[in-house]
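Below are the chains, spelled out letter by letter.
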Amino acid sequence: MNKHYTVIGQPIAHSMSPTIHSMFGELTDRNILYTRTESTPDTFSKTIDDLQQAGMCGCNVTLPFKEQAAVQCHELNKSAKDAQAVNTIHFHADGIRYGHNTDGSGLLADLKNNLKYVVEGKRILLIGAGGAARGALGPLADESPSSITIANRTLQKAQQLAKAFTNAKASITASEYNAIQPDDQFDLVINATSLSLQNQLPPLPDAIFANQALSYDMMYGSNDTIFMHWSQQNGAEQVSDGLGMLIEQAADAFEIWEGIRPETKSVYDFIKAQLA
Ligand code: NDP
């Protein structure tokens, strides 16, 4: 019998997760069915109850429900606790709901395994302090970068985030955009805002890219994002969108459910071609 998984979001019609997980199922010889589920903030907890009662084995959770999902779980692993957000729920046979956050591990897998980037010792600028930034911060700090600066429109959110990670293996500071100076140099610049969706740039100086800098936009689409173009024009040596992160966070979720991590390159190539 197929094991049934789903992704919950609002909207959800364009999610690529069903395609990605179906390919993972084929690659690992697992019989899985993966569907989409639309919910609303008011009905999210009932959606989770209904899915569990219907015998689902797990679900992914995307915008805008990741924080609500953390509240709906009985147990959270470290990444979900750190982020206070869940993107992967595992329904165990005893009824316990385990919450995980694979956004950060997916980002790190893309940086390290696909882009061959070494985070240790690097000066990182993390732009944004929403759910994606929260998920990324712990795994980034675990790589012992020399510093992490979180820049966000709402300074208070960046400050709260930095405070939550005071015991991390990196020096983490919060900043407003206009406090970033042109002579502040960063080796790794990560855009974890939703600005590229609106074809907008964060208001940062042009000269922030250090020699050999990598610029990473968590957003992905059919074309390079405005942030990737801006980074290239201003000296970033390497630029990437977030498609690799999407595939890798899905592979981590699949491993949590099925106990095997699928190969990701062929799935990345397929989805990239679909987007184009
Ligand atoms: P959130 O809504 O939680 O956070 C949005 C962030 O963008 C906040 O920091 C917010 O700042 C900032 N922002 C939004 N609008 C503006 C604006 N007009 N000016 C300045 N800052 C703005 O979203 P997520 O963190 O969940 O997602 C962020 C991005 O990451 C999205 O593009 C999403 O698609 C992508 N993502 C990609 C993933 C992948 O696998 N590749 C996984 C998860 C997310 P403020 O706090 O001031 O409101």
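So, the layout of surface pockets: which residues are in play, and what are the values?
Considered as a void within the structure, the largest pocket measures approximately 1,500 Å³ in volume. What lines the largest pocket is a set of 46 residues, and nearest its centre among them are Thr62, Leu63, Lys66, Ser194 and Leu197. Going through the elements one at a time, α1 (17–27), β3 (58–61), α3 (66–72), α6 (131–141) and α9 (243–258) are the ones with two or more residues in the lining of the largest pocket. For the lining of the largest pocket, the leading source of residues is α9, giving three residues. For the lining of the largest pocket, the residue count by class is 22 nonpolar, 19 polar and five charged. Lining the second largest pocket are Asp110, Asn114, Leu115, Ser240, Asp241, Gly244, Ile247, Glu248, Thr264, Lys265, Tyr268 and Asp269. Elements with a minimum of two residues in the lining of the second largest pocket: α5 (103–114), α9 and α10 (265–275). A class-by-class count of the residues in the lining of the second largest pocket yields three nonpolar, four polar and five charged.

If you had to explain the nonpolar core to someone new, which residues and values would you point to?
Formed by 28 residues in total, the largest nonpolar core has its most connected members in Leu107, Leu140, Ile148, Ile150 and Ile190. Counting only elements with at least two residues in this core, the list comes to α5, β7 (123–127), α6, β8 (147–151), α7 (155–164), β10 (186–191) and β11 (209–217). It is α6 that provides the largest number of residues to this core, a total of five residues. Excluding its chain neighbours within four sequence positions, the residues that come into contact with Ile150 are Leu126, Gly128, Ala129, Leu137, Ala158, Leu161, Ala162, Ile172, Thr173, Ala174 and Ser175. Grouped together as the second largest cluster of nonpolar side chains are 20 residues, Met16, Cys57, Leu243 and Ile247 included.

Which residues make up unusual backbone geometry, and what are the values?
Between Gln10 and the following residue, Pro11, the backbone shows a cis peptide bond with an omega angle of 5 degrees. With respect to the element layout, Pro11 can be found in the loop between β1 (3–9) and α1. Here the residue pair Leu63 and Pro64 is connected by a cis peptide bond, since its omega of 0 degrees sits within 30 degrees of zero. By the element assignment, Pro64 lies in the loop between β3 and α3. In this model, Asn199 sits at a positive phi of 55 degrees, which is unusual for a non-glycine residue.

What counts as what
Residues numbered from 1 in each chain as written. Predicted model: local features only at pLDDT ≥ 70, side-chain atom pairs only at ≥ 80, totals over all residues. Heavy atoms only, no water. 1 Å grid on protein atoms, 1.4 Å probe; cavity = no way out; pocket = protein on both sides within 12 Å on 5 of 7 lines; lining within 4 Å. Points joined across faces, edges and corners; volume = space filled by probe spheres on them. Helix = DSSP H or I, 4+ residues; strand = E, 2+ residues; numbered from the N terminus. Nonpolar A, V, L, I, M, F, W, Y, C, P; charged D, E, K, R; others polar. Core = buried A, V, L, I, M, F, W, Y, C linked by side-chain atoms within 4.5 Å. Buried < 20%, exposed > 50% of the residue type's maximum accessible area, 1.4 Å probe, protein only. Contact = heavy atoms within 4.5 Å.

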